[in-house]
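As a plain string of letters, each chain reads:
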Amino acid sequence: MRCIKCEADNKLKERQAAGGRCKACNHPFAFDPKVTPGVEFTDKFFQQSLAALSADGSLYFTPRQLYYFFNRRLQTKRPDWWKAAGWVALVAPLALVLLFLFVGDLLSPARLLVLLLIAGFGLTLVASERLRGRLRGNSPPELRVSHEQVWAWYDRWLAVNGDPGRMLPLPAQSRPAAGAQLQVNPEVLNYSFDRVVVCERAEVAQCLIANNFHFEHNCAVLGADGYPPDVFHTVMGMLRRNPSLSVYALHDASVRGVGLAYRLRTEERWFAGGGAKVYDLGLLPRQVSDRPLFVETWPQHGQPALTLTPEVAATLEPEEVRWLEAGNYVSLESFPPRTLLRVVAQGIAKSRDPQAADSLVPVSTGGDGGAGGGVFIYTTDTFG
């Protein structure tokens, strides 16, 4: 096992003799799969996971993004024998086809039938990207370890290495102290944004803001629960002064999430009665179907009825309604920050491009007299 500080290779006996430290530089190992129960990875693996999630330290990420990302990396971490089995499954049927072509006349009819069946499987394997993906370990991911376990490992990493890896604190921890007043230049209040991204979860809004999405795209970013609390009402006042505002809803693929665009369009505390156009960037069930994503199910005990309002259900396909009301959901935080930034940027760009109008489908939600200019569903398949 290699030390992440000096790259020295330490065998198990050497690590044990050094008290769990590197034999060369004396740096402690945070994780040792040969010693620590339940740990299947090394320090190098954890370090590379943080680097990959943060795009080599250039992007901030949320705790839940780390949870999903680390679970995915653990699933794709396959032993060498698994990779060898995949190659055998690909090569062996082709070899049998060649055997049939050259020595088929020497085989009995029963053996020929077996060879043909195996060859047929091999050809199916070659033609099927999904089947090949399963052999490579790209099957639908499973959440093998809990939030608590991933964060305990992260705490252990911090204790040993002191490298936070650009993980953001929880939004509640970043709120201003009680009684703190935000001082805003009066000249700024005369300005208004042309676009705003409203995120169902404060954590997603925090991720976009921390990664400077609002600066790079001249776009306000808010959370549906009033995040960030120190500027929320100020920004909302600025937005309402723009009669040609574009609003982009960003949410989980869940019963509550898919109703965000409708709430933004029809509720008085948002943009009801104005001229704002509301675009639904997703996640929608149609965007996550048949993809290797973390599909979870709400616990049934103690949960309210999972039903959609008629207005929201009318914007979805029947299959999507059944999928949602069965309690299924996909969290937006199961996508790494790089994917989130890319998808939101593409959605905004397409909404402003007349030639990409077929990617934004207007949906009538009914019951509001047409106020707000309609909801547009962003249907381009960019997630996953």
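Let me begin by describing the structure that accompanies this report. (Residues numbered from 1 in each chain as written. Predicted model: local features only at pLDDT ≥ 70, side-chain atom pairs only at ≥ 80, totals over all residues. Heavy atoms only, no water.)

Strand E4 (residues 277-282) sits mainly inside the fold: five of its six residues count as buried. Handedness of the β-α-β unit built from strand E3 (residues 246-250), helix H11 (residues 260-266) and E4 comes out right-handed. (Buried < 20%, exposed > 50% of the residue type's maximum accessible area, 1.4 Å probe, protein only. Helix = DSSP H or I, 4+ residues; strand = E, 2+ residues; numbered from the N terminus. Right-handed = clockwise from strand over helix to strand, strands pointing away.)

Below, the discussion takes up unusual backbone geometry. If a residue is not glycine, its phi is most likely negative; likewise, a peptide bond is most likely trans. In this model, Tyr 227 is joined to Pro 228 through a cis peptide bond whose omega is -5°. Among the secondary structure elements, Pro 228 is positioned in the loop between strand E2 (220-223) and helix H10 (232-240). Residue Gly 282 is joined to Leu 283 through a cis peptide bond whose omega torsion reads 15°. Counting through the fold element by element, Leu 283 comes out in the loop between E4 and helix H12 (285-288). Despite not being glycine, Asp 56 has its phi angle at roughly 60°, a positive value. Checked against the element boundaries, Asp 56 lands in the loop between helix H2 (43-53) and helix H3 (63-76). When its relative accessible area of 70% is taken as the criterion, Asp 56 is described as exposed. If you check the backbone angles, Asn 218 has positive phi at about 50° while not being a glycine.

A pair of packed helices can be characterised by two numbers: the angle between their axes and the separation between those axes. Packing of H2 against H3 brings their axes to within 10 Å, and their N-to-C directions diverge by 125°. The angle between H2 and H3 places the two elements in the oblique class. In this structure, the crossing between H2 and H3 has a hand that is right-handed. Contacts between H2 and H3 involve Phe 45, Phe 46, Gln 48, Ser 49, Leu 50, Ala 52 and Leu 53 on the former and, on the latter, Gln 65, Leu 66, Phe 69, Phe 70, Arg 73 and Leu 74. Its residues assigned to classes, the contact of H2 with H3 shows nine nonpolar, three polar and one charged. (Axes fitted to C-alpha atoms, helices over the stretch in contact; angles between N-to-C directions. Parallel < 35°, antiparallel > 145°, perpendicular 65-115°, else oblique. Left-handed = near helix turned anticlockwise from the far one by under 90°. Contact = heavy atoms within 4.5 Å. Nonpolar A, V, L, I, M, F, W, Y, C, P; charged D, E, K, R; others polar.)

For the rest of this paragraph, the subject is the packing of H2 against helix H7 (residues 147-161). Remark: H2 packs on H7, axes separated minimally by 12 Å, with the N-to-C direction vectors making an angle of 100°. Comparing the axis directions of H2 and H7 gives the class roughly perpendicular. Taken together, the residues of H7 that come into contact with H2 (itself represented by Asp 43, Phe 46, Gln 47 and Leu 50) are Trp 153, Tyr 154 and Trp 157. Across the contact of H2 with H7, the residue classes tally to five nonpolar, one polar and one charged.

Mapped onto the elements of the fold, Val 198 is located in strand E1 (residues 195-199). Using a relative accessible area of 0% as the deciding quantity, one classes Val 198 as buried. Distance from Val 198 to Leu 260, taken between C-alpha atoms, is 8.7 Å for residues 62 residues apart in sequence.

On to the side chain of Glu 333, then. With respect to the element layout, Glu 333 can be found in the loop between strand E6 (328-329) and helix H15 (337-351). On the accessibility criterion, Glu 333 (2% relative accessible area) is buried. Here Thr 62 takes part through its side chain, which lies 2.6 Å from a polar atom of the side chain of Glu 333. Those residues in contact with Glu 333, other than ones at most four positions away along the chain, are Thr 62, Arg 64, Gln 65, Tyr 68, Arg 201, Glu 203 and Val 204. (Polar contact = N/O pair within 3.5 Å; in protein donor to acceptor, adjacent residues only side chain to side chain.)

Attention now moves to H7. The end-to-end C-alpha distance of H7, which contains 15 residues, comes to 21 Å, matching closely the 21 Å that a straight helix rising 1.5 Å per residue would cover. Residues of H7 that are buried: His 147, Val 150, Trp 153, Tyr 154, Trp 157, Val 160 and Asn 161. Relative to the axis of H7, the buried residues are bounded by an arc of 165° and lie together on one face. Away from the buried face of H7 by more than 90 degrees, exposed residues Glu 148 and Ala 159 are located. On its buried side, H7 packs onto H2 and H3. Looking one or two residues past H7, Gly 162 carries a phi angle of roughly 65°, positive in sign. (Expected span 1.5 Å × (residues − 1). Arc of directions from axis to C-beta.)

This structure, assessed with the given rule, holds 15 aromatic pairs. Their ring planes at 45° and their centres at 6.0 Å tell us that Trp 270 and Phe 271 sit as a pair that is tilted. Neither Trp 270 nor Phe 271 differs from the other in exposure class; each is buried. Connected via pairs of aromatic rings, a cluster forms that spans Phe 31, Phe 41, Phe 45, Phe 46, Phe 70, Trp 153 and Trp 157. Across from the ring centre of Phe 45, 4.5 Å away, lies the NZ or CZ of Arg 73, which sits over that ring. (Phe/Tyr/Trp six-rings, centres within 6.5 Å; stacked < 30°, edge-to-face > 60°. Lys NZ or Arg CZ within 6 Å of the ring centre and 35° of its normal.)

Keep in mind that these numbers describe shape and distance, not what the molecule does.
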